[in-house]
Amino acid sequence: MATMKRVGKWFARIAFALVGLVVLWLGLAAVYGRYAAARDRSLYPPLGVLVDIGGRKIHMYCVGHGAPTVVLEAALGAPTVLWKQMQPRLSRVTRTCSYDRDGIGWSDESNRPRSAQGFSNDLHRALLAAKEHGPFVIAAHSLGGMLALDFARAYPDDVAGMVLLDPTHPRQFTTGSEQWADHMQALPFFRLGPALAALGLAREALWATDKLKPLPLPLETRMEYVALGSSSKELGALKAEAEALFALCKESLPFPSLGSKPLIVLSASRSLAEGFPSAFHEQLARLSDRGVHRVVPNASHSGLVLKPEPAAIAVDAILEVVTALRQSGK
């Protein structure tokens, strides 16, 4: 009996020691996370300018000259650095602006629920504050495609034309659909993100992912993306966008008519091969009398903006709309 008590005490001591080590490790991880976040702020200053939209600042990065100005609308939680494959090419021909939505990248976070109207108002105010002159060509990827159409509904006079790059369609996420189920399964991981960032673990996870499957971007850009993408603010904003996705889909309907404004919808061939209905993108192309739908060969959803060859096709489509507007004098 005495032996059993001694064994029990040793097990208790070992358990307390292990708990202590875990607490110590978590504490050290949190300290490292704060240090790394402070270091990143000094290593990676904003690419562009922070414009005040009424007590909150939005990061806008505008380069190049010429009209119409192209405005780039990114995918879910994607910061401006991920446009580095396309923005330099576009800016050689016309002025091009990328920006970070609420809480993404270098933009301040509002701590409000995300909504289509809120995103549209933010972009409108940011363009005014940055003294960028429209009407604009909106080029939008993924979720950004829905948000671009929301912007066209809210501010039709600000939109001259549009290019949608493998855009999200709200019917993708009808309750019970495969993509609805996939997103429901992913939501707990989105919600875990800010806590992982506070412990410095999000950074390690992103680095591990980059080593296993690096983005097709220069190392410096990938380092910048890891720094931005692993912050508590960024992952909090990503969580907010992910949680709002179903509501954003409902808010986006009915779609606005684009009249006779030039519109090109590009589908990534691999998205179609994986089951995305081509009819969704064909429907979007019919929002304009001048709408065109094309399939980009050998392109994945993200590769359409990240990989050189598909991104070059996307750039050509955007410049096609720019050229059409210039020729029509609009």
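Since the structure is predicted, the reported quantities are computational estimates derived from the model, not experimental observations.

Colleague: Even after reading the chapter, I still don't get the overall build of the chain, so can you show me in this structure?
Modeller: Summing up its helical and strand segments, the chain has 12 helices and 8 strands in all. Within the span of the chain, comprising 330 residues, buried residues form 48% of the whole. Per element, the accessible surface of the chain, about 15800 Å² overall, is 62% carbon and sulfur.

Colleague: Where do I start with empty space enclosed by the protein in this structure?
Modeller: Empty space among the atoms becomes visible once a probe the size of a water molecule is rolled across them. Throughout the structure, instances matching the rule amount to 1 cavity of 30 Å³ or more. Volume-wise, the largest cavity comes out at about 40 Å³. Listing elements by their share of the lining of the largest cavity, those giving two or more residues are helix H3 (116-129) and helix H4 (143-154). Here the lining of the largest cavity gets 3 residues from one element, more than from any other, and that element is H3.

Colleague: What's the story with the confidence of the model for the chain in this structure? I'm lost.
Modeller: Caution is warranted with low-pLDDT regions, since their predicted coordinates should not be read in detail. Averaged over the chain, the pLDDT score is 87; the fraction of residues at 70 or greater is 86%. Here residues 4-12 scores under 50 on pLDDT; set against residues more than four positions off or in separate chains, the count is 0 contacts. Scored below 50 in pLDDT, residues 14-30 makes 7 contacts in the model with residues more than four places away or belonging to other chains.

Colleague: Teacher, can you tell me more about helix H5 (residues 178-198) here?
Modeller: One turn of the α-helix equals 3.6 residues, which is why residues spaced by three or four share an orientation. Between its first and last C-alpha, H5 extends 32 Å over 21 residues, near the 30 Å set by a 1.5 Å rise per residue. At leucine 192, H5 shows its largest kink, close to 35 degrees, and the proline proline 194 lies no more than four residues downstream. Taken as a whole, H5 has its buried residues at His183, Leu187, Phe190, Gly193 and Ala197. Phi turns positive, to about 80 degrees, at glycine 200, one or two residues after H5.

Colleague: Is there a simple way to think about the packing of aromatic side chains in this case?
Modeller: Where two aromatic rings form a pair, the distance of their centres and the angle of their planes describe that pair. For the structure shown, the criterion picks out 4 aromatic pairs. Aromatic pair phenylalanine 173 and phenylalanine 246: ring centres 6.2 Å apart, planes at 55 degrees, arrangement tilted. Taken together, the residues phenylalanine 173 in the loop between strand E6 (159-165) and H5 and phenylalanine 246 in helix H8 (residues 232-251) connect sequence positions 73 residues apart. Between phenylalanine 276 and phenylalanine 280, the aromatic rings sit 5.7 Å apart at their centres with planes inclined by 80 degrees, giving edge-to-face as the arrangement. Across the ring face of phenylalanine 119, the terminal group of arginine 101 is positioned such that the distance to the ring centre comes to 5.5 Å.

The rules we used
- Residues numbered from 1 in each chain as written.
- Predicted model: local features only at pLDDT ≥ 70, side-chain atom pairs only at ≥ 80, totals over all residues.
- Heavy atoms only, no water.
- Helix = DSSP H or I, 4+ residues; strand = E, 2+ residues; numbered from the N terminus.
- Buried < 20%, exposed > 50% of the residue type's maximum accessible area, 1.4 Å probe, protein only.
- Areas by Shrake-Rupley, 256 points an atom, 1.4 Å probe, with all protein chains shown as cover.
- 1 Å grid on protein atoms, 1.4 Å probe; cavity = no way out; pocket = protein on both sides within 12 Å on 5 of 7 lines; lining within 4 Å.
- Points joined across faces, edges and corners; volume = space filled by probe spheres on them.
- pLDDT = per-residue confidence, 0-100.
- Contact = heavy atoms within 4.5 Å.
- Expected span 1.5 Å × (residues − 1).
- Bend = angle between axes of the 7 residues up to and from the residue.
- Phe/Tyr/Trp six-rings, centres within 6.5 Å; stacked < 30°, edge-to-face > 60°.
- Lys NZ or Arg CZ within 6 Å of the ring centre and 35° of its normal.

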